[in-house]
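Observations on chain architecture
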Amino acid sequence: MTTPVLSVRDLTVSFPSEAGRVDAVRGVSFDVGQGRTLGIVGESGSGKSVTSLAVMGLLDDNARVGGSVMFEGQELLGRTDAQMSKIRGNGISMIFQDPLTSLTPVFSVGDQIVEALTIHDARLSRRAAWDRAVELLRLVGIPRPQERVKSFPHEFSGGMRQRVVIAIAMANNPRLIIADEPTTALDVTIQAQILDLIKTAQRETGAAVMMITHDMGVVANIADDVIVMYAGRPIEQAPVDTLFADTRMPYSIGLLGAIPRVDKSEKRPLVPIKGSPPLLVDLPDACPFAARCPIVTDACLTAEPELVAVGGHADHRAACVRAEEIRAGRLGDDPVYPVPEVPASTLETVPRELRKPTLEVENLTKTFPLLKGSFRKKKVGEVHAVKGVSFDIREGETMAIVGESGSGKTTTLLQIMDFAAQDDGDIRIVGTSVADLQGGRAERELRRDVQIVFQDPVGSLDPRMTVFDVVAEPLRTVGMPAADVGPRVDELMDLVGLDPAHSDRFPAAFSGGQRQRIGIARALATNPKLVVLDEPVSALDVSVQAGVINLLDELKVRLGLSYLFVAHDLSVVRHIADRVAVMYLGSFVEHGDVDAVFDDPQHPYTEALLSAIPVPDPVVERGREHIVLTGDLPSPTDTITGCAFVSRCPLFQTLDENERVACETKVPALSGRTGVHVNACHHR
Amino acid sequence: MATDSSMVDPLAEGEPAPPVAAPGDRRRLSKWRLYSRRFARNRPAVAGVVIFVLLVAFALLGPLFARYDHVELDFLALSDPPSPEHWFGTNNAGNDLYAMVVVGLQRSLLIAVVVATGTTILSAVIGTAAAYFGGRVERVSLFVIHFLMVAPTFLLLAMMSNDSGGDWRVIALVLILVSWFFQARTIWTLSLSLREREFVHAARYMGVPGMRIVLRHLIPNIGSLLVINFTLGVVGAVMAETGLSFLGFGVKLPDVSLGSLIGIGSSSISSAPWMFYFPAAALTLLTVSMALVADGLRDALDPTSAAGGRA
């Protein structure tokens, strides 16, 4: 066997903090060979990013690093910054998470690629460097690289910028590429493009890749070997197929059980992992996962388990005293995690047509004027954010709107929440039209029936108010007597699974998942009929996300709520929604029952969207055919005469001249089985 | 997050131990009790409060011990240094400096507190309301603010206070009028980003009326800034009043303030230094104590400060 490109042994990283020494990484060892991809998975705070920064030598000065990092036989730890600079960007390069901030806005992308080239090779002439920059841009799939090389970062979309970042990372033919959550900030169709591109980059340069991610689907898609990290230690390490097929450590099992699958229609509840990760300060000599583990034994609490080979395979190692008993996520005949019960709704037996509608939206339209001029603002154009959207939600039903960023889904939702009167349409909430609202009192009355839960659990709670005041605010607003507020808040806290005794604390004392529960409690305070959920779980770690999704499921049944759910994560949508609408550039392109849409996608965009999502199962994932869309969402300021999807449509490429005419000239209307499954494509 | 585990606030992640209360008498810890508990943990801030309280007590109770009235002239003791008869000495006309410092401190405290309170409230309400409501409210407020910023306010100040004949109430009012708008503009800029925060949207979608959102969500979230503004307002008001009095536009004899006393004292610092040092010491104690208090308040009110979460 050849020597690995990167060999890490017993890497430890600790930081000083007010609460004591934080042991962020506690003994990580792995090898990455040439052309191999190592996936490091873990939740926030598991030490995966710190590991990659330690390899790059990019940690703060106050971090204490121990162990050994060998890159091509040379020790990297203990080198000065100047020495490391010769290796960084040359032997090892890095792709960061946020493409919006990892490029300098004041230099053209060409300048930035040329800088990366010439800094490591002083003999390279300027002309040769520019030629190489153009070639790199072509390689990463930027159209018209000759012209685009002079463009500035702000002239590129997020996906395109990430391509430029990858071009810079590839510039000097690195032997190791470290990618830290390279697709987390991007839409799924773009994510598919970028993952393919990283594979291309790996093929071109023969580099080893270290892929850091929280997404099991991405791991299944790209990795050869996987390390699962928890509380600063690897707790399971195996080749990708082995890990998914024969998971041994309860935490890894939990991570896999907690994610909804886009390719499975059955609605069984997700399995959350209770509790939250331990603080990495003064950890006792015990299994750090013991407090959250469903199969904990006394042996778990006496010593921290070592990472040892299990099942007779040298390359499958797990840190669990019961690893030999666990086979493929099951202990004996029972699953490791007891499956939680979610009650079935009585409403589900009532046919949809007979249930009362809680929200009816008819021809909702929103345009923003484009203004120009510094003194007198002149209208120079319009942005059509939402174009004639119609749908309804019945009692006890969840309707999801999915789409990429910029598709207008959040605008739709805010229009509903703003009670925006429509020129040529209507919004009716529980039978009341927003056009009929006269005065603030009537509006406040209607607000009781519709409440919202926001995406960001940190930003949506006023940091200056105690949790009690946060949850009590809607109650006080509707004029509930002060004596009734206290008991009601306790009841709500209980309902969302929080201890009412904790309601005198500030939101900062709660974890992300708990804060989102507080947000849900607040939304439920006035007994609304409809709850609008704006990406309610996308900011949460997967193990926590499952708990919140189960809570939403349960509340819907217990309180007979309707949800309007906006998300970009189709797996979550498939799990939670009854009906789904796919939005592209301000209009619905497909709308119908969730299983109908997911199992039999009609519109080419829906097909592409569904195929772009990586499935957390390497065998399935390898067999799937990804439809990779070219390009980005067109600008909403452009006037498009025909179908908005033409510029990216894979179906359009296969059509003959006559069929193409319809696509380019006529705006497709939603057609199909009305009320069950409709799509907006001329040819489906 | 790239460096997540290093950046994790140890208090935000886990379950901090709850303040254990007996199950029977679970009383909700009110916000204010929490704030005061955090404030009390900060030693210098408590020292600041003590100094400030002593100064206020001195201003209020001082006259009880005074042997002379501040306008009374003792012709037997002209420019006398501190003595058992005149504790702080006298000036060249025979006024008792102790009595003058007590009255001057009263006057200065009153002006400072009134001006600082006035400017803070005015700037906070106008600044946040302009940002939250936008549209016409914003345009009008900003027009007034920008107009006042370019107007020669000092001239205005001098003219108006001169006309008042040295009445401290008019001076206080004029000081408020010429100092609120700088703060209002800072607050407006800050509130613009606050307006887009999700908890403000959440409140709006709950149907909370606009003015209540301003008072309940926007203003408390710029609380630490307001506290700093208030302290600087106290210090600034004392300074402005000193300047005015020095130039003869401010408080006029027979009424005295710390400002006018320092103004008079500074001219005779070599021959009768006590005339400068006593009022100057009172002024310094006043401003230093306010600064310490402000620091403590900011730490106590700020949920992200080091003291946060632990209580």
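This is a predicted model, so every value here is computed, not measured.

Parameters and conventions
- Residues numbered from 1 in each chain as written.
- Chains lettered and ligands numbered in written order.
- Predicted model: local features only at pLDDT ≥ 70, side-chain atom pairs only at ≥ 80, totals over all residues.
- Helix = DSSP H or I, 4+ residues; strand = E, 2+ residues; numbered from the N terminus.
- Rg over C-alpha atoms; globule rule 2.2 N^0.38 Å.
- Buried ≥ 20, exposed ≤ 12 C-beta atoms within 10 Å, placed from the backbone.
- Contact = placed C-beta atoms within 7 Å.
- Pairing = 2+ DSSP bridges.
- Axes fitted to C-alpha atoms, helices over the stretch in contact; angles between N-to-C directions.
- pLDDT = per-residue confidence, 0-100.
- Core = buried A, V, L, I, M, F, W, Y, C linked by C-beta atoms within 7 Å.
- Left-handed = near helix turned anticlockwise from the far one by under 90°.
- Nonpolar A, V, L, I, M, F, W, Y, C, P; charged D, E, K, R; others polar.
- Domains from an automatic or database assignment.
- Expected span 1.5 Å × (residues − 1).
- Arc of directions from axis to C-beta.
- Parallel < 35°, antiparallel > 145°, perpendicular 65-115°, else oblique.

Notes on the overall build of chain A
For chain A, the count of helices and strands is 23 helices and 27 strands. Taken over the C-alpha trace, chain A has a radius of gyration of 27 Å; the compact-globule value for 684 residues is 26 Å, and the two agree within 12%. When the backbone C-alpha atoms are referred to their principal axes, chain A occupies close to 75 × 65 × 50 Å. Counting every position in chain A, which comprises 684 residues, the buried fraction comes to 50%. Counted over contacts in chain A with a minimum sequence separation of 6, partners at least 24 positions apart contribute 68%.

Description of the overall build of chain B
Assigned secondary structure in chain B consists of 13 helices and 0 strands. If you list the helices and strands of chain B from N to C, you get α-α-α-α-α-α-α-α-α-α-α-α-α. Among the 311 residues that make up chain B, the fraction classed as buried is 41%. Counted over contacts in chain B with a minimum sequence separation of 6, partners at least 24 positions apart contribute 68%.

Some points on the sheet that holds strand β3 (residues 37-41) of chain A
All names here are of chain A. The mixed open sheet is built from 8 strands, whose spatial order is β6-β7-β8-β3-β9-β10-β12-β11. Of all strands in the sheet, those with a lone pairing partner are β6 (92-95) and β11 (308-310), marking the two edges. The mean inter-strand angle of the sheet, taken between neighbouring strand axes irrespective of direction, is 25°. In terms of strand pairing, β11 meets strand β12 (residues 313-318) through 3 bridges, oriented antiparallel. Looking across to β12, one finds that V310 is bridged to H313. In the packing of helix α6 (residues 158-170) onto the sheet, contacts are made with β6 and β7 (176-180), and the angle to β6 comes to roughly 175°.

Considering the confidence of the model for chain A
Averaged over chain A, the pLDDT score is 84; the fraction of residues at 70 or greater is 97%. Here strand β14 (residues 330-331) of chain A stands out as the least confident element of chain A, with mean pLDDT 70; β3 of chain A is the most confident, with 92.

Observations concerning the nonpolar core
Ranked by size, the top nonpolar core spans 277 residues in total, and within it V471 and F565 of chain A carry the most contacts. Broken down by element, this core gets its largest block of residues, 19 residues, from helix α5 (residues 97-133) of chain B. Apart from the residues within four sequence positions on either side, V471 of chain A is in contact with V489, L492, M493, I518, A521, R522 and A525 of chain A.

Describing the packing of helix α3 (residues 109-120) of chain A against helix α4 (residues 126-139) of chain A
Residue and element names in this part refer to chain A. The interhelical angle for the contact between α3 and α4, taken along N-to-C directions, is 115°, at an axis separation of 9 Å. For α3 against α4, the interelement crossing comes out right-handed. Contact with α3, carried on its side by G110, I113, V114, L117 and T118, involves A129, W130, R132, A133 and L136 of α4 and no other residues of that element. Residues of the contact of α3 with α4, tallied by class, amount to 7 nonpolar, 2 polar and 1 charged.

Side note on helix α10 (residues 250-258) of chain A
With 9 of 9 residues buried, α10 of chain A is to be regarded as a mostly interior element. Residues of α10 of chain A that are buried make contact with α8 (216-222), β9 (225-230), β10 (233-239), α9 (240-245) and α17 (542-559) of chain A.

Some thoughts on the domain arrangement of chain A
Residues and elements named next belong to chain A. With domains assigned, chain A is organised as domain 1 (6-230), domain 2 (252-335) and domain 3 (347-449 + 528-679). Taken over C-alpha atoms, the centre of domain 2 sits 37 Å from the centre of domain 3. With 16 residues of domain 2 in contact, the opposing surface of domain 3 contributes 21 residues. Here the residues of the side of domain 2 that touches domain 3 are counted per class, giving 11 nonpolar, 2 polar and 3 charged.

A short note on helix α15 (residues 482-495) of chain A
All names here are of chain A. Along its 14 residues, α15 runs 20 Å from first to last C-alpha, staying within 8% of the 20 Å computed at 1.5 Å per residue. The set of residues buried in α15 consists of V489, L492 and M493. In a view along the axis of α15, the buried residues occupy a sector of 95°, so they form one face of it. Set apart from the buried face of α15 by more than 90 degrees, the exposed residues are A483, D484, P487 and D494. Among the structural elements, α14 (467-477) and α16 (512-524) are those in contact with the buried residues of α15. Once α15 finishes, G497 follows within two positions and takes phi at roughly 80°, a positive value.

Overview of unusual backbone geometry
Residues and elements named next belong to chain A. One non-glycine residue, N527, lies in the positive phi region at around 55°. Mapped onto the secondary structure, N527 falls in the loop between α16 and β22 (530-534). The phi angle at L585 is positive, at roughly 50°, despite the residue not being glycine. Tracing the backbone through its elements, the reader meets L585 in the loop between β24 (579-584) and β25 (587-593).

Regarding the environment of V200 of chain B
Residue and element names in this part refer to chain B. Of note, V200 is situated in helix α9 (residues 198-206). Judged by the 22 C-beta atoms lying within 10 Å of it, V200 is buried. Each C-alpha atom, one on V200 and one on I213, is 7.2 Å from the other, the two residues being 13 residues apart in sequence. Residues within four places of V200 in sequence aside, it is in contact with L194, R195, I213 and H217.

Regarding the pairing of strand β16 (residues 357-372) of chain A
All names here are of chain A. Two elements, β16 and strand β17 (residues 378-394), share 12 bridges in a ladder whose sense is antiparallel. Each residue of the ladder has a partner; that of L359, found in β17, is I393. By the bridge criterion, 4 bridges tie β16 to strand β19 (residues 426-429) in an arrangement that is antiparallel. Within β19, the residue paired with V361 across the bridge is I427.

Describing the pairing of strand β18 (residues 398-402) of chain A
All names here are of chain A. Most of β18 is tucked away, with 5 of its 5 residues classed as buried. Alternating positions in β18 separate into two faces, T398, A400 and V402 on one and M399 and I401 on the other, with burial throughout. Two strands pair when backbone bridges link them, and β18 and strand β23 (residues 562-567) are joined in this way by 5 bridges, in the parallel orientation. From the neighbouring strand, A400 faces β23, where its bridge partner is F565.

Here we look at the sheet that holds strand β1 (residues 6-17) of chain A
All names here are of chain A. Judged by pairing direction, the sheet is antiparallel, and its 4 strands sit side by side in the order β2-β1-β4-β5 without closing on themselves. Sheet topology places β2 (20-32) and β5 (74-75) at the edges, where each strand pairs with a single neighbour. Against the sheet, helix α1 (residues 48-56) engages β1, β2 and β4 (64-71), with an angle of about 110° to β1.

What about the confidence of the model for chain B?
Residue and element names in this part refer to chain B. For chain B, per-residue confidence averages 77 on the pLDDT scale, and residues scoring 70 or more make up 85% of the total. Looking at the elements of chain B, mean pLDDT is at its lowest for helix α2 (residues 10-13), recorded as 36, and at its highest for helix α6 (residues 135-150), recorded as 90. A low-confidence stretch, residues 1-28 stays under pLDDT 50, and its non-local contacts, those more than four residues away or across chains, total 47 contacts. Of the regions scoring below 50 in pLDDT, residues 307-311 engages in 16 contacts with residues more than four places distant in sequence or in other chains.

Examining the environment of I627 of chain A
All names here are of chain A. Tracing the backbone shows I627 in the loop between α21 (618-623) and α22 (650-654). Between the C-alpha atoms of I627 and R248, which are 379 residues apart in sequence, the distance is 33 Å. Once residues within four sequence positions are removed from consideration, I627 is found in contact with E607, A608, S611 and P650.

A word on the environment of S390 of chain A
All names here are of chain A. Tracing the chain through its elements places S390 in strand β17. Sequence separation of S390 and L364 is 26 residues, and the distance between their C-alpha atoms is 6.4 Å. Once you skip the residues sitting within four places of it in the chain, S390 turns out to touch V361, E362 and N363.

Some words on the packing of helix α4 (residues 43-65) of chain B against α5 of chain B
Residues and elements named next belong to chain B. The geometry of α4 relative to α5 is characterised by a closest axis approach of 9 Å and an angle of 130° between their N-to-C directions. Relative to α5, α4 is oriented oblique. For the element pair α4 and α5, the recorded crossing hand is left-handed. When α4 is examined against α5, the residues L55, V56, F58, A59, G62 and P63 are found in contact with a partner set consisting of V102, L105, Q106 and L109. Tallied by class, residues from the contact of α4 with α5 come to 8 nonpolar, 2 polar and no charged.

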